[in-house]
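So the chains spell out like this:
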Amino acid sequence: MATRVDEVLLRFPARPDYLRLARLAAADVGSRAGFDYEEIEDLRIAVSELCAMISTDDGAELSLSFTVTRESVTVAGSRPYADGGAILADDLAMAEGLVAAVVDEHNLSTDGGVATFHLLKRRRAAKPAQPGRGD
(Lines give C-alpha, C1' and ligand atoms only; values in the text may rest on other atoms or scores of the structure.)
Protein backbone atom coordinates (compact mmCIF):
# COMPACT_ATOMS: atom_id res chain seq x y z
CA MET A 1 0.00 0.00 0.00
CA ALA A 2 1.40 3.38 -1.01
CA THR A 3 2.00 5.99 1.65
CA ARG A 4 -0.20 9.04 1.21
CA VAL A 5 1.71 12.30 0.93
CA ASP A 6 -0.01 15.68 1.21
CA GLU A 7 1.60 19.05 0.58
CA VAL A 8 0.35 22.27 2.13
CA LEU A 9 1.64 25.60 0.84
CA LEU A 10 1.36 28.82 2.81
CA ARG A 11 2.55 32.33 1.93
CA PHE A 12 2.17 35.39 4.11
CA PRO A 13 3.93 38.68 4.90
CA ALA A 14 7.23 37.95 6.67
CA ARG A 15 6.21 39.96 9.72
CA PRO A 16 6.13 38.68 13.29
CA ASP A 17 2.41 39.42 13.65
CA TYR A 18 1.64 36.74 11.00
CA LEU A 19 3.63 33.94 12.66
CA ARG A 20 0.46 32.63 14.28
CA LEU A 21 -0.56 31.34 10.83
CA ALA A 22 2.61 29.23 10.65
CA ARG A 23 2.00 27.82 14.16
CA LEU A 24 -1.62 26.96 13.37
CA ALA A 25 -0.63 25.25 10.12
CA ALA A 26 2.10 23.29 11.95
CA ALA A 27 -0.39 22.08 14.56
CA ASP A 28 -2.88 21.01 11.90
CA VAL A 29 -0.41 19.08 9.77
CA GLY A 30 1.09 17.47 12.86
CA SER A 31 -2.36 16.25 13.83
CA ARG A 32 -2.95 14.89 10.32
CA ALA A 33 0.36 13.00 10.55
CA GLY A 34 -0.90 11.28 13.71
CA PHE A 35 1.41 13.13 16.09
CA ASP A 36 0.55 13.09 19.79
CA TYR A 37 0.15 16.32 21.76
CA GLU A 38 3.85 16.59 22.65
CA GLU A 39 4.97 15.97 19.07
CA ILE A 40 2.55 18.63 17.80
CA GLU A 41 3.91 21.13 20.32
CA ASP A 42 7.48 20.28 19.31
CA LEU A 43 6.61 20.92 15.66
CA ARG A 44 4.87 24.21 16.51
CA ILE A 45 7.88 25.37 18.51
CA ALA A 46 10.33 24.53 15.74
CA VAL A 47 8.26 26.18 13.00
CA SER A 48 7.69 29.26 15.15
CA GLU A 49 11.38 29.67 16.02
CA LEU A 50 12.63 29.20 12.48
CA CYS A 51 9.99 31.51 10.99
CA ALA A 52 10.79 34.13 13.63
CA MET A 53 14.46 33.95 12.69
CA ILE A 54 13.71 34.92 9.09
CA SER A 55 10.84 37.37 9.72
CA THR A 56 11.22 41.15 9.50
CA ASP A 57 9.10 44.16 8.61
CA ASP A 58 10.68 44.82 5.22
CA GLY A 59 7.66 43.89 3.08
CA ALA A 60 9.01 40.49 2.00
CA GLU A 61 6.89 37.35 1.80
CA LEU A 62 7.57 34.16 3.75
CA SER A 63 6.76 30.89 1.95
CA LEU A 64 6.22 27.61 3.78
CA SER A 65 5.78 24.14 2.38
CA PHE A 66 4.56 21.37 4.69
CA THR A 67 4.86 17.79 3.44
CA VAL A 68 2.74 15.41 5.49
CA THR A 69 2.86 11.62 5.68
CA ARG A 70 1.59 9.19 8.32
CA GLU A 71 5.12 9.02 9.73
CA SER A 72 6.51 12.54 9.47
CA VAL A 73 6.17 16.21 8.65
CA THR A 74 8.77 18.10 6.62
CA VAL A 75 8.69 21.89 6.55
CA ALA A 76 10.63 24.12 4.17
CA GLY A 77 10.57 27.89 4.54
CA SER A 78 12.12 30.75 2.61
CA ARG A 79 12.07 34.51 2.24
CA PRO A 80 14.12 36.95 0.19
CA TYR A 81 16.17 39.67 1.85
CA ALA A 82 15.99 42.88 -0.13
CA ASP A 83 19.25 44.11 1.39
CA GLY A 84 21.03 40.73 1.57
CA GLY A 85 20.60 40.97 5.39
CA ALA A 86 21.95 38.37 7.74
CA ILE A 87 20.56 36.64 10.80
CA LEU A 88 22.21 37.66 14.08
CA ALA A 89 24.64 34.96 15.24
CA ASP A 90 23.57 35.03 18.93
CA ASP A 91 19.88 34.71 18.02
CA LEU A 92 20.70 31.94 15.56
CA ALA A 93 22.62 29.88 18.14
CA MET A 94 19.79 30.13 20.67
CA ALA A 95 17.07 29.25 18.14
CA GLU A 96 19.04 26.36 16.67
CA GLY A 97 19.62 24.89 20.14
CA LEU A 98 15.91 24.94 20.85
CA VAL A 99 14.95 23.59 17.43
CA ALA A 100 17.53 20.77 17.66
CA ALA A 101 15.90 19.63 20.90
CA VAL A 102 12.44 19.21 19.35
CA VAL A 103 12.89 17.93 15.77
CA ASP A 104 14.83 15.12 14.12
CA GLU A 105 16.63 17.24 11.50
CA HIS A 106 16.88 20.93 10.66
CA ASN A 107 19.00 23.52 8.93
CA LEU A 108 18.87 27.27 8.47
CA SER A 109 20.91 29.28 6.01
CA THR A 110 21.19 32.60 4.23
CA ASP A 111 22.65 32.59 0.76
CA GLY A 112 22.31 34.87 -2.22
CA GLY A 113 19.85 37.19 -0.52
CA VAL A 114 17.47 34.36 0.48
CA ALA A 115 16.99 32.88 3.96
CA THR A 116 15.83 29.27 3.99
CA PHE A 117 15.14 26.58 6.54
CA HIS A 118 14.21 22.94 6.45
CA LEU A 119 13.06 20.67 9.25
CA LEU A 120 11.92 17.09 9.65
CA LYS A 121 9.84 15.81 12.55
CA ARG A 122 9.16 12.08 12.67
CA ARG A 123 6.34 10.48 14.59
CA ARG A 124 7.50 8.39 17.51
CA ALA A 125 6.91 4.67 17.12
CA ALA A 126 3.84 3.39 18.92
CA LYS A 127 4.76 2.67 22.51
CA PRO A 128 4.50 -1.02 23.46
CA ALA A 129 1.89 -2.00 26.04
CA GLN A 130 3.27 -2.32 29.56
CA PRO A 131 2.39 -5.60 31.32
CA GLY A 132 0.11 -5.31 34.33
CA ARG A 133 -1.33 -1.95 33.34
CA GLY A 134 -4.53 -3.23 31.72
CA ASP A 135 -3.33 -2.37 28.21
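Below: a short report on this structure. Starting from 1, residues in each chain are numbered consecutively following that chain's sequence as written. Where totals are concerned, whole chains, interfaces and linings use all residues; where local detail is concerned, this predicted model gives features only for residues with pLDDT of at least 70, and gives and counts side-chain atom pairs only at 80 or more. Hydrogens and water molecules were not included; the side-chain quantities draw on all heavy atoms of the structure.

### Considerations on the nonpolar core
Thought 1: What we call a nonpolar core is a set of buried Ala, Val, Leu, Ile, Met, Phe, Trp, Tyr and Cys residues that are connected through their side-chain atoms within 4.5 Å. Residue exposure (1.4 Å probe, protein chains only): buried if accessible area is under 20% of the type maximum, exposed if over 50%, otherwise partly exposed. In terms of nonpolar packing, the biggest core is built from 32 residues, with Leu43, Val47, Leu64, Phe66, Val75, Phe117 and Leu119 touching the most fellow members.
Thought 2: Numbering goes from the N terminus for both helices and strands, where a helix is a DSSP run of H or I of at least four residues and a strand is a run of E of at least two. Elements with a minimum of two residues in this core: helix H1 (19-32), helix H2 (37-53), strand E2 (61-68), strand E3 (72-80), helix H3 (89-102) and strand E5 (114-122).
Thought 3: Ranked by the residues each element gives to this core, the list is headed by H2, at 7 residues.
Thought 4: With near-sequence residues (within four places) excluded, valine 75 lies in contact with Leu43, Val47, Leu64, Ser65, Phe66, Phe117, His118 and Leu119. Every residue pair with non-hydrogen atoms within 4.5 Å of one another is taken to be in contact.

### Focus: the packing of H1 against H2
Thought 1: Interaxial angle, 0 to 180 degrees, is taken between N-to-C directions of lines fitted to C-alpha atoms, where a helix line uses only the stretch in contact. Close contact between H1 and H2 brings their axes to 8 Å; oriented N to C, the two are set at 150 degrees. Put simply, H1 runs roughly antiparallel to H2. Both H1 and H2 take part in a crossing whose hand is right-handed. The residues of H2 that touch H1, namely those facing Leu19, Ala22, Arg23, Ala26, Ala27, Val29, Gly30 and Ser31, are Ile40, Leu43, Arg44, Val47, Ser48, Cys51 and Ala52.
Thought 2: Each residue gets one label: Ala, Val, Leu, Ile, Met, Phe, Trp, Tyr, Cys and Pro are nonpolar, Asp, Glu, Lys and Arg are charged, and the others, such as Gly, are polar. Of the residues belonging to the contact of H1 with H2, the class tally is 10 nonpolar, 3 polar and 2 charged. Working rule for angles: under 35 degrees goes down as roughly parallel, over 145 as roughly antiparallel, 65 to 115 as roughly perpendicular, anything else as oblique. Crossing handedness: left-handed means the near helix sits turned counterclockwise from the far one by under a right angle, and right-handed means the same turn made clockwise.

### A closer look at the side chain of arginine 79
Thought 1: Within the element layout of this structure, arginine 79 appears in strand E3.
Thought 2: Two N or O atoms form a polar contact when they lie within 3.5 Å of each other; inside protein one atom must be a possible hydrogen donor and the other a possible acceptor, and for residues adjacent in sequence the pair counts only when both atoms belong to side chains. Polar contacts involving the side chain of arginine 79 include one to the main-chain carbonyl oxygen of isoleucine 54, which spans 2.6 Å.
Thought 3: Sequence-distant contacts of arginine 79, that is, excluding residues within four places in its chain, are made with Ala14, Ile54, Ser55, Thr56, Asp58, Ala60, Glu61, Leu62, Gly113, Val114 and Ala115.

### Thoughts on the pattern of salt bridges
Thought 1: Every case where a carboxyl oxygen of Asp or Glu lies within 4 Å of a side-chain nitrogen of Lys or Arg is listed as a salt bridge. All chains considered together, the criterion is met by 10 salt bridges.
Thought 2: When the shortest N-O distance is used, the salt bridge between aspartate 28 and arginine 32 registers 2.7 Å. Of this pair, aspartate 28 and arginine 32 are both found in helix H1, 4 residues apart, which corresponds to roughly one turn of the helix.
Thought 3: Overall, aspartate 28 belongs to the partly exposed group, its relative accessible area being 37%.
Thought 4: Between arginine 124 and glutamate 38 there is a salt bridge, and its shortest N-O distance comes to 3.7 Å. Taken as a pair, arginine 124 in the segment after E5 and glutamate 38 in helix H2 lie far apart in primary sequence, 86 residues in all.
Thought 5: What makes glutamate 38 partly exposed here is its relative accessible area of 47%.
Thought 6: Here the salt bridges share partners, and the residues they tie into one network are Asp36, Glu38, Glu39 and Arg124.

### Considerations on the sheet that holds E2
Thought 1: Strands are treated as partners if at least two bridges between them are detected by DSSP. Taken in spatial order, the 5 strands make up an open sheet running E1-E2-E3-E5-E4, and their pairing is antiparallel. On the outer flanks of this sheet lie strand E1 (6-13) and strand E4 (105-111), each paired with one strand and no other. For this sheet the average axis-to-axis angle between neighbouring strands, irrespective of direction, equals 10 degrees.
Thought 2: Both E2 and E3 contribute to a ladder of 6 bridges, which runs antiparallel. Following the sheet pairing, serine 65 is matched in E3 by alanine 76.
Thought 3: This element, H2, spans E2, E3, E4 and E5 of the sheet and lies at about 170 degrees to E5.

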